[in-house]
Amino acid sequence: MEGDTNIRDVKRAVRGSVDAYGRLIEKNKDYLYRTAFLYSGDEEAALEIVQETVLKGFRSIKQLRNPELFRTWITRILINTSKDYYRHEIRYAQMPEEEAAYEEAGITAEERADLYEAIRRLPEKYRTAVILRYFDGLKQEEIAFVMGIPRGSVSAYLTRAKKELRKYLKEGYLNG
Amino acid sequence: MGRQLDRIPVPEKLDEVIGESLRQLRREKRKKRMTAAAGLAAAVSVCMAGYVLGRNAVQYGEEEQQTAAGNIEARTDEPEYLFARGGEEDEIPAEHTDSVYLQESEGITLTVSNVYHNGYTMYMTVLMRSEEPFSDSLSRYREGQGYTAELESRGASELEGENSGIPDPDIMTGRFIDDRTFAGTVCTALPDQENGEIPDQFAYEWNISSISMEEDDGSKVTCRGDWNFQVEVEKNTGRTEVTDINGTNRNGEGIGRVVKTADDIYAEILIPEEARSEDYTVAVCDASGALMNEAGEYYRTENRDISTVYIFLCDREEYEKLKSGYRSGENAAGSGSRIFAEILKEHALYSTELHFRSQYLCVYQMA
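Residues numbered from 1 in each chain as written. Chains lettered and ligands numbered in written order. Predicted model: local features only at pLDDT ≥ 70, side-chain atom pairs only at ≥ 80, totals over all residues.

Caption draft 1: Summary view of the pairing of strand β10 (residues 254-260) of chain B. All names here are of chain B. Taken across its seven residues, β10 has five buried, putting it largely inside the fold. Relative to β10, strand β9 (residues 241-248) runs antiparallel, the two sharing six bridges. Across the sheet, Thr243 pairs through a bridge with Val258, a residue of β10. Hairpin connection of β9 to β10: five residues between the antiparallel strands, including Gly252 at a positive phi of 85°. The sheet contact formed by β10 and strand β11 (residues 264-270) spans five bridges and is antiparallel. The residue of β11 that forms the bridge with Val258 is Ala267. In this antiparallel pair of consecutive strands, β10 and β11, the connection spans three residues. (Buried ≥ 20, exposed ≤ 12 C-beta atoms within 10 Å, placed from the backbone. Helix = DSSP H or I, 4+ residues; strand = E, 2+ residues; numbered from the N terminus. Pairing = 2+ DSSP bridges.)

This is the structure in structure tokens:
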């Protein structure tokens, strides 16, 4: 079973196996990169963030007590690393062309770029909560763990973030 | 929106980056092993050397201890006391700004003063002076009762360019000074900024086009004009206390941040993602359990015992029914009148209480 294999690899990684750790990273690499990209808005920065996250993750993996929480735990490391690499200037203008083949009905690539721009404008803690909740699909308890804050604070950040985002966007983006 | 994440293209370079990271980790692991092995070898050597030295050097131990004792620094046994810095509640607040702005239009003179913000809310004191006396039907309010006037106004600030993000002020709460003068305060919530902080000073343009007052019979008296102000809003947090409650019930309904200033209390609502804020309301009661005076989303603390403040998150519809019923005396029957806060506590979705230093203490305080 996939889940059992993951837990076995986590336990081996905790015992020091770089190979086991590498398999875990391979399964999560796209998710880590995309989250880093959402945070930084820049491909080069996102790659650096992922590189640093992979290094930091293995160096501190002995602190991971619950193997089932590996993905949440590595997300926490990635978010903390991302904070150091946040850039003010982003190149979302590139995205509409690259994603032209993937447009869905109702949401154009330009609208998606507007969404990312709006998210980028949020204060850091609200941006983190929004990315983790609406893009990574984490539950509020998981977000609280990743960000190291109480669950109630997650709710507060999401409420305030949505208020800010509504100034730029239609509500449909946050109901999906 | 989860699929939006999948739409972000992943560069081919990612594999190379991850591969390099894993290679580095393997190098670090090898280096650790070699260092550990070298360390072990060195430790064995030291132990062996120590064993040899120890057999020949027992008489030096006592001198080392005396030397060590002489080098210990004297330590004080005095305890440290940490005092929380209290607010200057007993001092009369000074004017926050010396700037006074005055505009006259259609026989009404508006004077704006005491303009400041505390990082969460912008405050402006407005004095409204009419050439003609206000209507007689407003006379009952001239005895110093609180009153709320409605405004039609638009504001703009440099905080975010043309779209300031500061809501346009739409109410002014205060009291009538005489039959021609009304003095009120305008409170406006400030939007969160990208860097998380409102600047210490910013410019604000405010245009008021009408002021409406409701009379006893429900009719409205509206004064129309064109009053334009350009004010400087300075930061003053001297008497602002912020408490993060961030508590919710099982459904995710609760109270977030509570901001208390010299004049009012504001409590932030926390609600589930799919809920509508219009369906909820906050009620704040003082230490006696009585509802405090509302000024929009703010509750005025003037002349109230705030040594204990009870804060309730309620379903808006239910709250309005309770308030209406309480004021009509529904709860005066039976075992006697009940305190409003007790009633709210039974029906609230979430409740909490806070304690502040209070200039006023009421005789009766709710247990």
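Picking up where we left off.
Caption draft 2: Focus on the interface of chain A and chain B. Contacts between the two partners involve 38 residues from chain A and, on the opposite side, 36 residues from chain B. Residue classes in the side of chain A that touches chain B are distributed as 17 nonpolar, nine polar and 12 charged. (Contact = placed C-beta atoms within 7 Å. Nonpolar A, V, L, I, M, F, W, Y, C, P; charged D, E, K, R; others polar.)

Caption draft 3: Broad picture of the sheet that holds β9(B). Read from one edge to the other, the open sheet built from five strands follows the order β9-β10-β11-β14-β13 (chain B), with strand pairing classed as antiparallel. One side of each edge strand has no neighbouring strand; the edge strands of this open sheet are β9 and β13 (294-295) of chain B. Bridge analysis of β13(B) against strand β14 (residues 298-300) of chain B gives two bridges, and the strand direction is antiparallel. Along β14(B), the bridge assignment pairs Ala295(B) with Tyr298(B). Each of β9, β10 and β11 of chain B is contacted by helix α9 (residues 151-165) of chain A, which is oriented at about 105° to β9(B), the strand it contacts most. (Axes fitted to C-alpha atoms, helices over the stretch in contact; angles between N-to-C directions.)

Caption draft 4: Seen up close, helix α3 (residues 43-59) of chain A. Here α3(A) contains 17 residues, and its C-alpha end-to-end distance of 25 Å stays within 8% of the 24 Å for a straight helix at 1.5 Å per residue. For α3(A), the complete set of buried residues consists of Ala46(A), Leu47(A), Ile49(A), Val50(A), Glu52(A), Thr53(A), Val54(A), Gly57(A) and Phe58(A). (Expected span 1.5 Å × (residues − 1).)

Caption draft 5: Spatial organisation of the nonpolar core. Counting residues in each nonpolar core, the largest one holds 106 residues, and the members touching the most others are Val50(A) and Val284(B). For this core, the leading source of residues is helix α2 (residues 18-40) of chain A, giving 11 residues. Residues lining this core come from more than one domain, with at least three contributed by each of domain 1 (101-235) and domain 2 (241-354) of chain B. When neighbours within four sequence positions are excluded, Val284(B) is seen to be in contact with Ile265(B), Ala267(B), Met292(B), Tyr299(B), Val309(B) and Ile311(B). (Core = buried A, V, L, I, M, F, W, Y, C linked by C-beta atoms within 7 Å. Domains from an automatic or database assignment.)

Caption draft 6: Quick peek at unusual backbone geometry. Residue and element names in this part refer to chain B. Non-glycine residue Glu106 carries a positive phi angle of around 55°. Mapped onto the elements of the fold, Glu106 is located in the loop between β1 (101-105) and β2 (108-117). Here the phi dihedral of Asn246 falls at roughly 50°; this positive angle occurs in a residue that is not glycine. Tracing the backbone through its elements, the reader meets Asn246 in strand β9.

Caption draft 7: Layout of helix α5 (residues 340-347) of chain B. Along α5(B), the residues classified as buried are Phe340(B), Ala341(B) and Leu344(B). The arc that holds every buried residue of α5(B), seen down its axis, measures 95°, which confines them to one face. (Arc of directions from axis to C-beta.)

Caption draft 8: Representation of the environment of Asn118(B). All names here are of chain B. When you line up the elements, Asn118 lands in the loop between β2 and β3 (121-130). Judged by the 22 C-beta atoms lying within 10 Å of it, Asn118 falls in the buried class. Residues Asn118 and Leu190, spaced 72 residues apart in sequence, show a C-alpha to C-alpha distance of 9.3 Å. Aside from chain neighbours lying at most four places away, what touches Asn118 is Asn236, Thr237, Thr240 and Thr261.

Caption draft 9: Quick look at the sheet that holds strand β15 (residues 309-315) of chain B. Residue and element names in this part refer to chain B. The antiparallel open sheet is built from three strands, whose spatial order is β12-β15-β16. This sheet does not close on itself; its edge strands, each paired only once, are β12 (280-285) and β16 (350-354). On average, adjacent strands in this sheet sit at an angle of 20° to one another, irrespective of strand direction. Sheet topology note: the β15/β16 ladder contains five bridges and is antiparallel. Within β16, the residue paired with Ile311 across the bridge is Thr352. Set on the sheet, helix α4 (residues 316-327) makes contact with β12 and β15; between it and β15 the angle comes to about 120°.

Caption draft 10: The arrangement of the packing of helix α7 (residues 124-135) of chain A against helix α8 (residues 140-147) of chain A in detail. Residues and elements named next belong to chain A. Orientation of α7 relative to α8, taken along the N-to-C sense of each, is 135°, at an axis distance of 10 Å. The orientation of α7 with respect to α8, classified from their angle, is oblique. By crossing handedness, the relation of α7 to α8 is classed as right-handed. Counting all contacts with α7, which are made through Thr128, Ala129, Leu132 and Arg133, the residues of α8 involved are Ile143, Val146 and Met147. Partitioned by chemical class, the residues of the contact of α7 with α8 number five nonpolar, one polar and one charged. (Parallel < 35°, antiparallel > 145°, perpendicular 65-115°, else oblique. Left-handed = near helix turned anticlockwise from the far one by under 90°.)

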